[in-house]
Amino acid sequence: MTHQSDKGNTPNNPRRRNLLGLGTALAGAAMLPGAATAAAAATKAKGAFPKGFLWGAAIAGHQAEGDNVNSDAWLLENVQPTEFKEPSAAGVDHYRLFDQDIGLLAQAGLNTFRFSIEWARVEPVEGLFSIAALEHYRDVLEACRRRGVRTMVSFNHFVNPRWFAARGGWEAEGAAELFARYCDRVTRHLGHLIDYATTFNEPNLARLLFGIPGPLSGMAGNPRMKAMLAEAARQSSSDKFSAWLFGDFDKIQAGQLQGHAAAYQAVKAVRPQLPVGFSIAIADDQAVGDPAMRDRKRAIAYEPWFKAINEHGDFFGVQTYTRELIGPEGVLPPPKDAVMTSAHMEYYPQALEATLRYTAQHVKKPLYVTENGTSTDDDRQRVAYIGTAVAGVAACLKDGIDVRGYVHWSLLDNFEWIFGYGPRFGLIDVDRKTMKRTAKPSLAVLGKVARANGV
């Protein structure tokens, strides 16, 4: 997989391995540490999962639906120069084929579907709300309800309307109020069909990637990225363009923290019984030597969001793929003997148990695993990853940690942001020429776990 960027963004860059939560497996299943014992470990989980536990899979609108033309991400993918390997284009046609995709999920035995409602579709022009888009998402929600599948909806999965980015995005005054207005409108139209809602997906990601010393810490200001943003601003006739991961991190975080509080209150005012939270990206941070730098990272990337969910939230979503080794000077490369994945990330499914335990020390709300998975062309690796991760969840439950669901990333092979369609996270293969869906064995494995509510 090739990707052009600045000198610091090399394939062996340990910070790039975490970029946008990519976790992929390169070696065969027989080579994976712990793979031989994964089934035995998971067997101990039998009976450990409480009644009503959520077993699901996730997608995000922009990554799967296709043709999200009024979004900031679409613009950034299609300007020149761009940091994106390729544009999202037609996605994997989930906007048209959602019923088939939900059907495959339900037939396998999963009981939860996590997806995003795309703000750029619902409000393509500031103040203009599309009834057609809202009704489309009603169709998606009703397709879940017909099959007895619970719905976990993200109001924002990284992507914003282009007009919102042009006015300064999350850096601009009034951003929180605009987001709350959108969440209010969606809740009034569709709230009775939503079982769980998250305001944001991984709003801490920029801090996680760039917040402590490491090879990516200067990436946000590299000349190519600056040129991409300048061209997006020019095409938007804006001198304030701020989008996604690209902007002033301090201002973006402040805007999103305000946005969550405002949106939480707006949703609860319309539908008090709807559980509302958010999810963040959390690596299994392991200190090498002095833990000061690890603790600094946690203070920057996680703690503001722990505080926010404890103040305004009903549950908290944990999204984990791997570990990160941190020394006194910053992020370190993985051990020389580590099994590396095709996206240059260490294969480390046991990270999930560690992050759940760490989060439970700081968040006094129910926890849900809202993303966890690995990208690989060898589905045996995904099966082994699931076995180890699920065993970790069971161990947390055994120790009294309040975990209420496991939602795998992802349901479909889909668009993976700057890396394009190379990484393959899906439980379902998609032929992008024909859009034909083919369930992988890992879907049946996870479905079997879900049906048994254990292994």
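Here is what the cut-offs are and how they apply
- Residues numbered from 1 in each chain as written.
- Predicted model: local features only at pLDDT ≥ 70, side-chain atom pairs only at ≥ 80, totals over all residues.
- Heavy atoms only, no water.
- UniProt positions renumbered as here; feature names shortened; annotations may be inferred.
- 1 Å grid on protein atoms, 1.4 Å probe; cavity = no way out; pocket = protein on both sides within 12 Å on 5 of 7 lines; lining within 4 Å.
- Points joined across faces, edges and corners; volume = space filled by probe spheres on them.
- Helix = DSSP H or I, 4+ residues; strand = E, 2+ residues; numbered from the N terminus.
- Nonpolar A, V, L, I, M, F, W, Y, C, P; charged D, E, K, R; others polar.
- Pairing = 2+ DSSP bridges.
- Contact = heavy atoms within 4.5 Å.
- Axes fitted to C-alpha atoms, helices over the stretch in contact; angles between N-to-C directions.
- Parallel < 35°, antiparallel > 145°, perpendicular 65-115°, else oblique.
- Left-handed = near helix turned anticlockwise from the far one by under 90°.

Going by the annotation in an unreviewed UniProt entry, the name recorded for the protein chain is Glycoside hydrolase family 1 protein, with Pseudoduganella lutea given as the source organism. We quote the UniProt Sequence similarities (unreviewed entry) comment for the protein chain here in full: "Belongs to the glycosyl hydrolase 1 family."

Novice: If you had to explain empty space enclosed by the protein to someone new, which residues and values would you point to?
Specialist: Using the criterion set out here, one finds 6 cavities of 30 Å³ or more in the structure. Lining the largest cavity we find 17 residues, and of these P203, W244, L245, I252 and Q256 sit closest to its centre. Among the elements of the structure, β4 (196–201), α9 (205–210) and α11 (249–270) are those that each provide at least two residues to the lining of the largest cavity. If you tally residues by element for the lining of the largest cavity, the top one is α11, at 4 residues. Of the residues assigned to the lining of the largest cavity, the class counts are 10 nonpolar, 5 polar and 2 charged.

Novice: Let's hear about the sheet that holds strand β9 (residues 330–331): which residues, and what values?
Specialist: Within the open sheet, the 3 strands sit side by side as β6-β8-β9. Their pairing is mixed. The two strands at the open ends of the sheet, each matched to only one other strand, are β6 (284–287) and β9. In this sheet, β9 lies alongside strand β8 (residues 323–327) in antiparallel orientation, the contact comprising 2 bridges. Considered in β9, the bridge of I326 is made with V331. Contacting β6, β8 and β9, helix α12 (residues 292–301) crosses the sheet at an angle of about 125° to β8.

Novice: Can you explain the packing of helix α15 (residues 379–398) against helix α16 (residues 441–452)? Please cite residues and give values.
Specialist: Here α15 crosses α16 at 20°, and the two axes come no closer than 8 Å. Taken together, α15 and α16 sit at an angle that is classed as roughly parallel. At the point where α15 passes α16, the crossing takes the right-handed sense. Of α16, the residues touching α15 (which contributes D379, R382, V383, I386 and V390) are P441, S442, V445, L446 and V449. Partitioning the contact of α15 with α16 into residue classes produces 7 nonpolar, 1 polar and 2 charged.

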